[in-house]
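What follows is the residue order along each chain.
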Amino acid sequence: MSYIDVTGKTEEEAIARALSQLNMERDDVSVEILERAKSGFLGIGSTPAKVRVTYGGEEEKPVAQEYIPAKPKAESRPAAKPAVKPAVKLAPRVEKPAEEPAQKIRETVAKEERPAPAEYVSRPLGEEVQDEKAEAIRTFLSGLLEKMEVESQIRVYQPEKGRYQVILEGSGMGQIIGRRGETLDAIQQLTGYCVNRAGTGRVRVAVDAENYRAKREESLDHLARKVAAKVVKYRRSVTLEPMNAYERHIIHAALQDEPNVATGSIGSDPNRRVVVSYVR
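Residue indices begin from 1 for each chain and proceed along its sequence in written order. In view of the model being predicted, local features appear only for residues whose pLDDT reaches at least 70, and side-chain atom pairs are presented and counted only at 80 or more, with totals across whole chains, interfaces and linings using the full set of residues. Excluding hydrogens and water, the side-chain figures rest on all heavy atoms present in the structure.

**Here's the deal with the packing of helix 7 (residues 212-234) against helix 8 (residues 245-255)**
Turning to step 1, where the next piece is worked out: Here helix 7 crosses helix 8 at 50°, and the two axes come no closer than 9 Å. Regarding the angle of helix 7 to helix 8, the classification is oblique. Remark: the crossing between helix 7 and helix 8 carries right-handed chirality. Residues Arg-216, Glu-217, Leu-220, Asp-221, Ala-224, Arg-225 and Ala-228 of helix 7 form the contact with helix 8, whose own contacting residues are Tyr-246, Glu-247, Ile-250, Ile-251, Ala-254 and Leu-255. Fitted lines through C-alpha atoms give the axes, limited to the stretch in contact for helices. The angle between two N-to-C directions lies from 0 to 180 degrees. For the purposes of this entry, the term helix denotes a DSSP run of H or I that reaches at least four residues, the term strand denotes a run of E that reaches at least two, and both are numbered from the N terminus. For classification purposes, an angle smaller than 35 degrees is called roughly parallel, one larger than 145 roughly antiparallel, one from 65 to 115 roughly perpendicular, and anything else oblique. Helix crossings get a hand from a simple test, with the near helix turned counterclockwise from the far one by less than a right angle marking a left-handed crossing and a clockwise turn marking a right-handed one. Any two residues whose heavy atoms approach within 4.5 Å are treated as being in contact.

Structure, rendered in structure tokens:
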């Protein structure tokens, strides 16, 4: 693997400079903060932040498999010689499983990947929008939900120019969300494609149901910090389950300031995973 050291007024500026130099995305690299920015007194004695950005995939595969417990090798025993007296059986030697911490980490990760159920809390976003794009969103989603045999109210808001927020409310939202939000992501992508294909001006469309996005983000942030603590405690790398680009970004952002922890990504979509590694 290769790396570059970059400085900036803040850690975020240094990371942004490194990504610009490498022409890479944040989840394609691992970041280690070498020196934190210091403001000094009245501007005197201030020092910039310094980060080390590691990239390249030559050594990623061994890291991803680091937590897999190795099977103990079978002990070779010499062939027993015939004897008059019966052989005395020795008690089997009890060995401590060296990979037990990693196994516990993997079980914890698999368990906490699922967001905890929570009651839906309605968050007002102002008045609903009735412009051309909003009507196109309603028309497309109405037809799609009808084909899926799901009854739902479609509310369209515009938090900012060029971005539409769609809230689906009704029964059967579990079918709309799908496993880890996969169905909801697909509906969002199809809606954005349909709306931007017709008419002028490209807009971003976000589709949510039962406040799933916020609950998932909170769950991933909690998971990232829990795994980071175990990585530092056991000094082992942990590979998370496959995630989309948005969810990987949440993990990277949650751990970018954690000491002794670096994050990177391996594999290709849709099986791209985040690796949380221990850094001395």
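**Regarding the pairing of strand 9 (residues 273-278)**
Turning to step 1, where the next piece is worked out: The pairing of strand 7 (residues 238-239) with strand 9 spans two bridges and is antiparallel. The residue bridging Val-238 from the neighbouring strand is Val-276, located in strand 9.
Turning to step 2, where the next piece is worked out: Note on pairing: DSSP must find at least two bridges between two strands before they are called paired. Bridge analysis of strand 8 (residues 261-266) against strand 9 gives six bridges, and the strand direction is antiparallel. Opposite Ala-262, over in strand 9, you have Ser-277 as the bridge partner.
Turning to step 3, where the next piece is worked out: The turn joining strand 8 and strand 9, which pair antiparallel and follow one another in sequence, is formed by six residues; a positive phi near 85° is taken by Gly-267.

**Looking at the nonpolar core**
Turning to step 1, where the next piece is worked out: Ranked by internal contacts, the top residues of the largest apolar core, which has 22 residues, are Ile-137, Val-166, Leu-168 and Ile-176.
Turning to step 2, where the next piece is worked out: Every element with two or more residues in this core is listed here: helix 4 (132-147), strand 4 (153-160), strand 5 (163-169), helix 5 (173-177), helix 6 (182-197) and strand 6 (204-209).
Turning to step 3, where the next piece is worked out: For Ile-176, the residues in contact, after removing those within four places along its chain, are Leu-145, Met-148, Val-150, Leu-168, Thr-183, Leu-184, Ile-187 and Ala-209. Remark: nonpolar core denotes a set of buried residues (Ala, Val, Leu, Ile, Met, Phe, Trp, Tyr, Cys) joined through side-chain atoms within 4.5 Å. Here's how the labels work: a residue is buried when its accessible area is under 20% of the maximum for its type, exposed when over 50%, partly exposed in between, all with a 1.4 Å probe on protein chains only.

**Examining helix 7**
Note that an α-helix has 3.6 residues per turn; residues three or four places apart therefore point the same way.
Turning to step 1, where the next piece is worked out: Helix span is expected to be 1.5 Å times the residue number reduced by one. End to end, helix 7 covers 33 Å across 23 residues, agreeing with the expected 33 Å (1.5 Å per residue, within 8%).
Turning to step 2, where the next piece is worked out: For helix 7, the full list of buried residues reads Tyr-212, Arg-213, Lys-215, Arg-216, Ser-219, Leu-220, Leu-223, Ala-224, Val-227, Ala-228 and Val-231.
Turning to step 3, where the next piece is worked out: Arg-235 sits one or two positions beyond helix 7 and adopts a positive phi of about 55°.

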